[in-house]
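Understanding the architecture of this molecule
Chain residues, written in single-letter form:
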Amino acid sequence: MHTVRVPSPLRSYTAGAARVHARGDTIGGVLLDLERAHPGMRFRMIDEQDRIRPHIRIFINQREVNSLDEPLAGADEVHLICALSGG
Amino acid sequence: MANTLLIGTRKGLFTLRSDASRRRWKLAGPQFLGHIIHHVVQDPREPRRLVMAAKTGHLGPTAYTSNDRGRRWKEAATPPAFRKSAEGEKPRAVERLFWLTPGHASEPGSWYAGTAPAGLFRSDDHGDHWTPVAGFNDHPMNAKWAAGFKTPDGEFLHSVCVDPRDARHLYLAISIGGVFESTDGGKDWTPLNQGIEADFLPDSNAEYGHDPHCVIQHPLQPDRLYQQNHCGSYRLDRPARRWVRIGKRMPTRIGDIGFPIVSHPKDPNKVWVLPMDGSTVWPRTAPEGKPAVYQSSNAGNSWKRLDKGLPRTQAWFTVLRQAMCADREPRLGLYFGTTQGEVWASSNEGESWRCIVRHLPEIYSVTHAA
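What you see is a predicted model, and the numbers here were worked out from it, not measured in a lab.

What follows covers the overall build of chain A. Counting secondary structure elements, chain A contains two helices and five strands. Start at the N end of chain A and walk to the C end: the helices and strands fall as β-β-α-α-β-β-β. Considered along the principal axes of its C-alpha atoms, chain A spans approximately 40 × 25 × 25 Å. Within chain A, the proportion of its 87 residues that are buried is 48%. Pairs at least 24 residues apart make up 46% of the contacts formed inside chain A by residues separated by at least 6 positions. Accessible surface, chain A: about 4400 Å² in total, of which carbon and sulfur atoms supply 51%. Of the side chains in chain A, 11 bear a positive and 11 a negative charge, and the two mean positions are spaced by 6 Å.

Right, here's the structure in full:
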């Protein structure tokens, strides 16, 4: 089980929670588990071609990742970040 | 009768409700503060139902539906999305949900949606689940019709028109791409751009590649189409296929460039446009800083300037394609919202205007709800 930090624009899906927990061996697996628990959340971050949307950043601990295939180890924390997107 | 205006803005959804006289308007909202609301449309078949096109600066696009006139909203279970691309195929992803059109009266719950990049989508459950219209999105000519030209906010598919006589007869428009027609429910499409000028294309007789800003079909005379284009105002009376540039009758110093075009719901010959400056580098503001609505009562053969009550000078707003509408009152009301967050109203078919709200965010759409 991984801790996932949720940015404020996505907390409408997590009933306001800034931290949730999800299972998965990869980033993609964690996002699918999040989608099961919080329907609609994944598509706001990941497009229909399984690409991370332009203003979304995903970190495993302190390292940014660009692929949903990135593997996760037991205690890894996932940070979902909404990057700057204009005024 | 009380009237409601649904106002989609760059920062959320607002609602204006009038008293029976339309003199007093009460503002409600914002709902979805901070969300980019491109279009909010009432279902004329079930007026309690609304569908809204939304996204935020960070997050992907989605749709919301309401079955209680906008008091509560539910996010679509499956928002519009292109099919997964095959290997070697250019991947397409919806960046903006831009346009919403209720389906035919004989198909309750049906809706069409247009997106950027240009895609056509359909829902048959009041906007909760959306599927791609493969006949257009995967048409052999699609890559040429929707070539991916980047207008400032993307390549929009808009102005989906459903023929009230025939659910299978559809029109749509793409900026930039042109107008297209289907007579088989969206399985096949053909360009419908003859007579439309395109001074930005090397071939002035191009079959497609035009820039329609807004296309409307008259509900009582569905063979009558009007189009406000990047290159003028046009009318088409089917079965003809060649558009007639009705904007040539506008004053030369005003021109016939603009975004919206609105027709009288009961008079196919009466139409209103809101010209903008399309000269030199395309300011897209009111010509000379003096906004005016122009009305034709004879299908575009002549035009009358209507500016009573509008700012006389130094008013530089823009009115976008979804931001002008009419109500259904016997003495027709007209409304438009500006990029500077003002809503202007006329309760006498444009003869006089007054500002009924200001200081809203940039307005993207103003639609009437009964």
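This paragraph deals with the overall build of chain B. For chain B, the count of helices and strands is two helices and 28 strands. For a compact globule of 370 residues, the expected C-alpha radius of gyration is about 21 Å, and chain B comes in at 19 Å, within 12% of that figure. Counting only C-alpha atoms and orienting by the principal axes, one finds that chain B spans roughly 60 × 50 × 40 Å. Among the 370 residues that make up chain B, the fraction classed as buried is 62%. Sequence-distant contacts, at least 24 apart, represent 50% of the contacts inside chain B between residues at least 6 apart. Accessible surface for chain B amounts to roughly 14800 Å². Of this, 51% is attributable to carbon and sulfur atoms. Chain B carries 48 positive and 38 negative side-chain charges, and their two centres are separated by 6 Å.

Per the stated rule, a full pass over the model turns up 11 aromatic pairs over all chains. Summarising the aromatic geometry, the rings of B:Phe82 and B:Phe121 are spaced 5.3 Å apart at their centres and angled 70 degrees between planes, so their arrangement reads as edge-to-face. Of this pair, B:Phe82 sits in the loop between strand 7 (74-75) and strand 8 (96-102) while B:Phe121 sits in strand 10 (residues 119-123); the two residues are 39 residues apart in sequence, bridging distant segments of the chain. The burial state of B:Phe82 is the same as that of B:Phe121; both residues are buried. Arranged with centres 5.9 Å apart and planes meeting at 45 degrees, the rings of B:Phe317 and B:Phe336 form a pair that is tilted. Note that B:Phe317 is positioned in the loop between strand 23 (304-306) and strand 24 (324-326) and B:Phe336 in strand 25 (residues 334-337), a separation of 19 residues in sequence. The same class applies to B:Phe317 as to B:Phe336, namely buried. Cluster of aromatic residues (ring-pair linked, three or more members): B:Phe136, B:Trp145, B:Phe180 and B:Trp189. Over the face of the ring belonging to A:Phe43 we find A:Arg53, whose NZ or CZ atom lies 4.6 Å from the ring centre.

In terms of nonpolar packing, the biggest core is built from 31 residues, with B:Leu5, B:Phe336 and B:Val343 touching the most fellow members. Elements with a minimum of two residues in this core: strand 1 (4-9), strand 2 (12-18), strand 21 (267-275), strand 24, strand 25, strand 26 (343-346), strand 27 (354-357) and strand 28 (363-369) of chain B. The residues contacting B:Val343, other than those within four sequence positions of it, are B:Leu5, B:Ile7, B:Leu16, B:Phe336, B:Gly337, B:Arg354, B:Cys355, B:Ile356, B:Val357, B:Leu360 and B:Ile363. Core analysis: the next-biggest nonpolar cluster, separate from the first, contains 23 residues, A:Leu10, A:Ile27, A:Val78 and A:Leu80 among them.

To continue, consider the side chain of B:Gln227. All names here are of chain B. With respect to the helices, strands and loops of the structure, Gln227 is situated in strand 17 (residues 224-229). Of the polar contacts made by the side chain of Gln227, one reaches the side chain of Asn229; its length is 2.7 Å. If we skip the residues at most four places from it in the chain, Gln227 touches Val179, Ile196, Pro212, Cys214, Val215, Gly232, Ser233, Tyr234, Trp243 and Ile261.

So, on to the side chain of B:Thr318. Residue and element names in this part refer to chain B. Here Thr318 shows up in the loop between strand 23 and strand 24. Judged by its relative accessible area of 12%, Thr318 is buried. Of the polar contacts made by the side chain of Thr318, one reaches the backbone oxygen of Arg284; its length is 2.5 Å. With sequence-adjacent residues up to four places away left out, Thr318 is seen in contact with Phe259, Arg284, Thr285, Gly337, Thr338 and Thr339.

Residue and element names in this part refer to chain B. Following the criterion strictly, the structure yields 33 salt bridges over all chains and no others. A salt bridge links Arg165 to Asp223, with the shortest nitrogen-to-oxygen separation between them at 2.9 Å. Taken together, the residues Arg165 in the loop between strand 12 (156-162) and strand 13 (170-175) and Asp223 in the loop between strand 16 (212-217) and strand 17 connect sequence positions 58 residues apart. Under the relative-accessibility criterion, Arg165 is labelled partly exposed at 47%. With relative accessibility at 29%, the residue Asp223 sits in the partly exposed group.

Calculation rules
In every chain, residue numbers begin from 1 and rise along the written sequence. Chain letters and ligand numbers both follow the written order, the letters beginning at A and the numbers at 1. Confidence filtering applies because this is a predicted model: local features only for residues at pLDDT of at least 70, side-chain atom pairs given and counted only at 80 or more, and all residues used for totals across whole chains, interfaces and linings. With hydrogens and water set aside, each side-chain value is computed from the structure's full complement of heavy atoms. Under the DSSP-based scheme used, a helix requires at least four consecutive residues in state H or I and a strand at least two consecutive residues in state E, with every element numbered from the N terminus. Buried residues are those whose accessible area, probed at 1.4 Å on protein chains only, stays under 20% of the maximum for their type, while exposed residues exceed 50% and partly exposed ones sit between those limits. In what follows, a contact means two residues having at least one pair of non-hydrogen atoms within 4.5 Å. Areas reported here follow the Shrake-Rupley algorithm with a probe of radius 1.4 Å; residue values treat only the protein chains shown as occluding. Positive charges are assigned to Lys and Arg, negative charges to Asp and Glu, while His and the chain termini are left out of the count. Think of each charge as sitting on NZ of Lys, CZ of Arg, CG of Asp or CD of Glu. Radius of gyration here is computed from C-alpha atoms only, and the compact-globule reference equals 2.2 Å multiplied by the residue count raised to the power 0.38. Aromatic pairing here means that ring centres of Phe, Tyr or Trp (its six-membered ring) are within 6.5 Å. Orientation follows from the plane angle: under 30 degrees is stacked, over 60 is edge-to-face, and everything else is tilted. Whether a charge sits over a ring comes down to the Lys NZ or Arg CZ being within 6 Å of the ring centre and within 35 degrees of the ring normal. The definition of a nonpolar core used throughout is a set of buried Ala, Val, Leu, Ile, Met, Phe, Trp, Tyr and Cys residues joined through side-chain atoms within 4.5 Å. Any N or O atom pair separated by 3.5 Å or less is treated as a polar contact, with the protein-specific requirement of one donor-capable and one acceptor-capable atom, and with residues adjacent in sequence counted only for side-chain atom pairs. We define a salt bridge as a side-chain nitrogen of Lys or Arg found within 4 Å of a carboxyl oxygen belonging to Asp or Glu.

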